[in-house]
Amino acid sequence: MYLDSAKKAELFEKYGKSATDTGSPESQIALFTFRIAHLTGHLQQNKKDYSTQRALKMIIGKRRRMLDYLQKIDIERYRAIIKELGIRR
């Protein structure tokens, strides 16, 4: 498995408030970004894997909605997470 519980805890600790903070927008966006990077690498090797393409598009949409939400509630947190993760806008 590419994403075990230790890696998730590390992501949540780095981008959330604590290792158990799974609900903050920053930690969810970081998790989505990690999954997007993994699926993008998979699709570069397996170009005709259409179910993974669909899953990738769905995850990108979830991350986009989460970023829009974060932008509405707190623009500074939005700018910080965009810069820290290197997400293009």
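Residues numbered from 1 in each chain as written. Predicted model: local features only at pLDDT ≥ 70, side-chain atom pairs only at ≥ 80, totals over all residues. Heavy atoms only, no water.

Peer 1: How do you make sense of the packing of aromatic side chains when you look at a structure like this?
Peer 2: Aromatic ring pairs: the centre-centre distance and the angle between the two ring planes describe each pair. Using the criterion set out here, one finds one aromatic pair in the structure. Ring centres of Y2 and F34 lie 6.1 Å apart, and the angle between their planes is 15°; on these two criteria the pair is classed as stacked. With Y2 in the segment before α1 (5-15) and F34 in helix α2 (residues 25-45), this pair connects stretches of sequence that are 32 residues apart. (Phe/Tyr/Trp six-rings, centres within 6.5 Å; stacked < 30°, edge-to-face > 60°. Helix = DSSP H or I, 4+ residues; strand = E, 2+ residues; numbered from the N terminus.)

Peer 1: Looking at this structure, how should I read the environment of D21?
Peer 2: Within the element layout of this structure, D21 appears in the loop between α1 and α2. Here the alpha-carbon distance between D21 and L11, two residues ten residues apart in the chain, equals 9.9 Å. Setting aside anything within four residues of it in sequence, one finds D21 in contact with F12, G16 and S27. From its side chain, D21 meets the backbone nitrogen of K17 in a polar contact 2.8 Å long. (Contact = heavy atoms within 4.5 Å. Polar contact = N/O pair within 3.5 Å; in protein donor to acceptor, adjacent residues only side chain to side chain.)

Peer 1: Can you help me understand the packing of α2 against helix α4 (residues 75-85) in this one?
Peer 2: The axes of two packed helices give the description: the angle between them and the distance between them. Between α2 and α4, the least distance of the axes is 11 Å, while the angle of their chain directions is 25°. By the angle between their directions, the pair α2 and α4 is classed as roughly parallel. As α2 runs across α4, the sense of the crossing is right-handed. Counted together, P25, E26, I29, A30 and T33 of α2 and R77, I81 and L85 of α4 form the full contact between these two elements. Tallied by class, residues from the contact of α2 with α4 come to five nonpolar, one polar and two charged. (Axes fitted to C-alpha atoms, helices over the stretch in contact; angles between N-to-C directions. Parallel < 35°, antiparallel > 145°, perpendicular 65-115°, else oblique. Left-handed = near helix turned anticlockwise from the far one by under 90°. Nonpolar A, V, L, I, M, F, W, Y, C, P; charged D, E, K, R; others polar.)

Peer 1: I keep staring at the confidence of the model for the protein chain and nothing clicks. Help me out?
Peer 2: Here the protein chain averages 94 in pLDDT, and 99% of its residues register 70 or above. The spread of mean pLDDT over the elements of the protein chain runs between α1, the lowest at 91, and helix α3 (residues 50-73), the highest at 97. (pLDDT = per-residue confidence, 0-100.)

Peer 1: Mind showing me how you'd approach the environment of Y69 here?
Peer 2: Looking at the element boundaries, Y69 is found in helix α3. Linking Y69 and P25, residues 44 residues apart in sequence, is a C-alpha distance of 8.4 Å.

Peer 1: In this structure, what is going on with the packing of α3 against α4? I would like to understand it.
Peer 2: Between α3 and α4, the least distance of the axes is 5 Å, while the angle of their chain directions is 140°. On the basis of the axis angle, α3 is oblique to α4. Here R64, L67, L70, Q71 and I73 of α3 lie close against α4, whose contacting residues are I75, R77, Y78, I81 and I82. Residue classes in the contact of α3 with α4 are distributed as seven nonpolar, one polar and two charged.

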